[in-house]
Every structure is written in structure tokens, then in C-alpha cells.
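What follows is the residue order along each chain.
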Amino acid sequence: MLDLGIDLNLWPWIWLGIAVFFALIELTVLAGSFVLLPFAVSALVAALLGFYDVAIEIQWLVFAGGGALLWIVLYRYARNFAGDNELEPGVGADRLVGLTGIVTSPIDPDDTDRRGRVTAHGEVWGATSQNGTAIAAGTHVRIVAVSGTKVIVESTDVAPSTAPPPSPSPSPSPSTPPPSTPPPSTPPPSTPPRPTDQPGAP
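Residues numbered from 1 in each chain as written. Predicted model: local features only at pLDDT ≥ 70, side-chain atom pairs only at ≥ 80, totals over all residues. Heavy atoms only, no water.

> Help me understand the packing of aromatic side chains in this model?
What the rule picks out here adds up to nine aromatic pairs. With 5.3 Å between their ring centres and 35 degrees between their planes, Trp 11 and Trp 15 make a pair best called tilted. Of this pair, Trp 11 and Trp 15 are both found in helix α1 (residues 11–28), four residues apart, which corresponds to roughly one turn of the helix. Measuring from centroid to centroid gives 6.1 Å for Phe 21 and Phe 22, while their planes differ by 45 degrees, and the two rings are tilted. In this structure Phe 22 comes out as buried when scored by relative accessible area, which is 17%. Each residue in the set Trp 11, Trp 15, Phe 39, Trp 60 and Phe 63 is aromatic and connected to the rest through ring pairs, giving one cluster. (Phe/Tyr/Trp six-rings, centres within 6.5 Å; stacked < 30°, edge-to-face > 60°. Helix = DSSP H or I, 4+ residues; strand = E, 2+ residues; numbered from the N terminus. Buried < 20%, exposed > 50% of the residue type's maximum accessible area, 1.4 Å probe, protein only.)

> Would you mind going over the side chain of Gln 59 with me for this structure?
With respect to the helices and strands, the residue Gln 59 is situated in helix α3 (residues 56–84). Accessibility expressed as a relative area gives 3% for Gln 59, which makes it buried.

> Help me out: how do you make sense of the sheet that holds strand β4 (residues 140–147) in this one?
Note: strands within a sheet are paired through backbone hydrogen bonds, in either parallel or antiparallel orientation. The sheet built from five strands closes into a barrel, its strands ordered β1-β2-β3-β5-β4 with mixed pairing. Put simply, the sheet's adjacent strands are angled 55 degrees from each other on average, direction ignored. Taken together, the four bridges between strand β3 (residues 123–129) and strand β5 (residues 150–155) define a ladder with parallel strand orientation. Paired with Ala 127 across the two strands is Val 151, which belongs to β5. (Pairing = 2+ DSSP bridges. Axes fitted to C-alpha atoms, helices over the stretch in contact; angles between N-to-C directions.)

> When you look at the pairing of β3 in this model, what are you seeing that I'm missing?
If a strand is regular, its side chains alternate between the two faces of the sheet. Counting buried positions along β3 gives five out of seven residues, so the element sits mostly inside the fold. As consecutive antiparallel partners, strand β2 (residues 117–120) and β3 are separated by two residues, and within that stretch His 121 has a phi angle of approximately 55 degrees, a positive value.

Set out below in C-alpha cells:
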């Protein structure tokens, strides 16, 4: 027998106790996951039937079968509801990912107050840099992720090159002409010999 040897007059109270117990577990432990709620409802209905002296077999059928049926209905409803209300990519805060903006307050990783601000799509958001570098105000950035109420950005401005300018290649020096050979010195003109006095000369 399904009465389990218990007085039939006690079954309405048993069902009522099961209903209250399942409802408390559902609200406190399972946090409204609708696992035991259908059986809490079916136990309450079985308790009402017990007060009207309905056969114990029907009470069990209502409790077990009705609870299972309600569980299936609630499960399918919850699944459809979650699917219909699931946010598509790009909806909500995720719509900001990929947008470009401009830094309105400098982003400093050492700033514990996190006062960095970015304006994107007409909205002002708190911001942090992706790689932990400082970003000055006026810098154009791209939003790469959203973390809570802040966006994570990376700079899109091209940083000026810090490489030293290439040294000019040495220009070829003009070929030095070979030293000119001085012309041979011209011997001084020879002086004709002076005639000497000869004897007998007038």
C-alpha cells in the first residue's frame, strides 16, 4: 500500500510539510533554480486532496506525476526564455569593442584612483590601457575589451620613431692631382771670358 503504514489522516499534513520543505530548499539553497518548486506545488495539491479524503494512490500520482509534468513545463519555458533574451554579440557594453575613441583624461597605470577617461560613441567611460602603459590626453585609442564599468584600450596613434637619423655617407673626395714636378732649373747664362792683357798689346 502507498500509505506506508501511516494513518491516512496524517497524509495531508505530511504533504503540507513536504511542500514547505521543498519551497524553503528552493529559495535558500537552490536560489530559485526551479528544481524543487514543481514538486513543492504538487505536494501542496496532494495535501489539499488529502484533506478531502481522496485516495492515497491519487495523492501519490498527483505528487509524483504532477511534479514531473510541472518540472518539464518550467524547464522548457525557462530554456525558451533564456534563448529569447540572450544578448547577441555587440549588444550592451560589448558593442563598444572595436570602436575608436579619444582619451580625455590621461590614463596612468600608477594612478590608484583610475581617473583615466575615454570618449567613444558619444559616451564617457573609465579606461585602462591594455599593456599597462601611460596614454596621454588627446591620443586616439581603440577599445579592445570591456571590464565591468571600464574599457580596456590600446593606442592607435603611431609613435614617432626614436631611431637616430642615418649618418650621411661620406662623399668621395676629389682626386688630388699628383704634385707637379718643378721645371728643371735653367743654368745662368755663361759670361764670356774677359780678355786678358797680352804682351805687346797697345
